[in-house]
Amino acid sequence: MLGAEYGAERTEGQVPPATPEEQAELDEMYARMEQIHMKPLWTQIGGLMPTTPEPRAVAHHWQWRELYKLASRSGELVPVGRGGERRAIGLANPGLGGDTYISPTLWCAIQYLMPGENAPEHRHSQNAFRFVTEGEGVWTVVNGDPVPMRRGDFLLTPGWNFHGHHNIATEPMAWIDGLDIPFAHDMDTGFFEYGTEELTDEGTPEHSRSEQLWAHPGLRPLSFPGQASASPLGRYAWEHTDAALNDQLALEDAGHAGVVSPGHAAIRYTNPTTGGDVMTTIRAEFHRLRPGAATTPVHEVGNRVFQLFEGSATIHVGDESFTAEHGDILNVPSWKKWSIEAGPDGADLFCFSDHPIFEALHLARTYTPKGI
Ligand code: GTQ
Ligand code: FE2
């Protein structure tokens, strides 16, 4: 349907009916092709090269309450340490055949750490971030730099940086991880190395060293010139995100430009050396909707994942609608039309996507249906 609206409909190939003799020859030919591992294009072109993307991943809604309950149960039953590495439970998209992929390129997990526990250091080529849904008390150590994790914080561990997590509080803590594990796995590009099991941080300071250098708005240290492919800033503190969104809405109240659309404030987390995305494969954003406000419906190449942080929202994906509450996670498969409608108290949503991959390769497209 969208195909007709967006581009020309494909015409089917015209194949005349085969006689019994011809059919027997065809069957034999196809059987031989299969034996020597060949397959013709003409029997599968519609599936392999659809008019517009036809994702195998489906839109799916995971309830935080359920995720948290199981993560907490695993905290009682499963130790964390060398080998398993992390008490992280990945979300498996029901359309992706049982792989622990929330989308074809992205991993999303809830990670849970009990008081006093240490998830030992390791490094891998996969890019990673954490978003703190609630709580505090865990420090993630990135190349020896201790980074505090608090509610609403967005934290980076770009590929090949050593990282470990430890909980020095008296309460357990849970957060979400996002990584490009499926992309690395399916493309056979992943490397992994163990680090030390010792704690390598020197105390638990209020701010990481990366924030001391890079978290001053519009100011970069002259000691680090040039561009880095991944952001050197390890923690994007909630207070900055919150203030930026509040200011956009305050500008709207005063009749000035600044919001994406009426009642919809949003920011992208950026790499301060380039102004671009925080990592080469993952984009991260935060969206704030006033009560009853809605985003503009859009189709996009690539995969999004939302986590409802505060308030409530109805998320429309294709013909489906999902009601999300605190912590709930929902994915949008490539090219499915999506929009978000805030509930009566408004909605705060964290979002990550694989869009930088497709932008870098000049494969990105967006389409906003007309008549809205
Ligand atoms: O915290 O280092 O969810 O390496 C998956 C792989 C978390 C981590 C995940 C990881 C980590
Ligand atoms: Fe890791």
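Our structure's up above, just so we're on the same page.
On a predicted model such as this, the values are computed, not experimentally measured, just so you know.

About the criteria used
- Residues numbered from 1 in each chain as written.
- Chains lettered and ligands numbered in written order.
- Predicted model: local features only at pLDDT ≥ 70, side-chain atom pairs only at ≥ 80, totals over all residues.
- Heavy atoms only, no water.
- Donors = N, O, S within 2.8 Å, 3.2 Å for Na, K, Ca; no water.
- Buried < 20%, exposed > 50% of the residue type's maximum accessible area, 1.4 Å probe, protein only.
- Helix = DSSP H or I, 4+ residues; strand = E, 2+ residues; numbered from the N terminus.
- Polar contact = N/O pair within 3.5 Å; in protein donor to acceptor, adjacent residues only side chain to side chain.
- Contact = heavy atoms within 4.5 Å.
- Near = heavy atom within 4 Å.
- Areas by Shrake-Rupley, 256 points an atom, 1.4 Å probe, with all protein chains shown as cover.
- Nonpolar A, V, L, I, M, F, W, Y, C, P; charged D, E, K, R; others polar.
- Patch = residues over 30% accessible without salt bridge, like charges linked within 9 Å, V, L, I, M, F, W, Y side chains within 5 Å.
- Salt bridge = Lys/Arg side-chain N within 4 Å of Asp/Glu carboxyl O.
- Lys, Arg positive; Asp, Glu negative; His and termini not counted.
- Charge placed at Lys NZ, Arg CZ, Asp CG, Glu CD.

Enquirer: What exactly am I supposed to notice about the coordination of the iron ion (ligand 2) here?
Expert: By definition of the ideal shapes, a tetrahedral metal site with four donors has angles of 109.5 degrees and an octahedral site with six donors has angles of 90 or 180 degrees. Taken together, the protein donors to the iron ion (ligand 2) comprise His122 (NE2), His124 (NE2) and His163 (NE2), at separations of 2.1 Å. Taken in chain order, the donor set of the iron ion (ligand 2) reads H-x1-H-x38-H. Classification of His124 as buried rests on a relative accessible area of 7%.

Enquirer: What is the right way to look at the side chain of Glu211 in this model?
Expert: Locating Glu211 in the fold gives a position in helix α6 (residues 209–214). Owing to a relative accessible area of 5%, Glu211 belongs among the buried residues under this scheme. Side chain to side chain, Glu211 and Ser208 meet in a polar contact 2.8 Å long. Those residues in contact with Glu211 that sit more than four places away from it in its chain are Pro148, His216, Leu233 and Arg235.

Enquirer: Looking at this structure, I do not really get the site of ligand 1. What am I missing?
Expert: Around ligand 1 sit 13 residues, and of these Arg86, Trp107, His163, His165 and Asp177 come closest. Arg86 places a side-chain nitrogen or oxygen 2.8 Å from an oxygen atom of ligand 1. Take His163: an N or O atom from its side chain is 2.9 Å from an oxygen atom of ligand 1. Out of a free accessible area of 290 Å², ligand 1 has 92% covered by protein chains. Among the elements that take part in the shell around ligand 1, strand β3 (residues 107–113) stands out by supplying 3 residues, more than any other. Among the residues forming the shell around ligand 1, the class breakdown is 5 nonpolar, 5 polar and 3 charged.

Enquirer: Looking at this structure, how should I read a negative patch on the surface?
Expert: Residues Glu21, Glu22, Glu25 and Glu28 make up a contiguous surface patch of negative charge. Relative to the elements of secondary structure, Glu21 occurs in helix α2 (residues 20–35). On the basis of relative accessibility, which here comes to 54%, the residue Glu21 falls in the exposed class.

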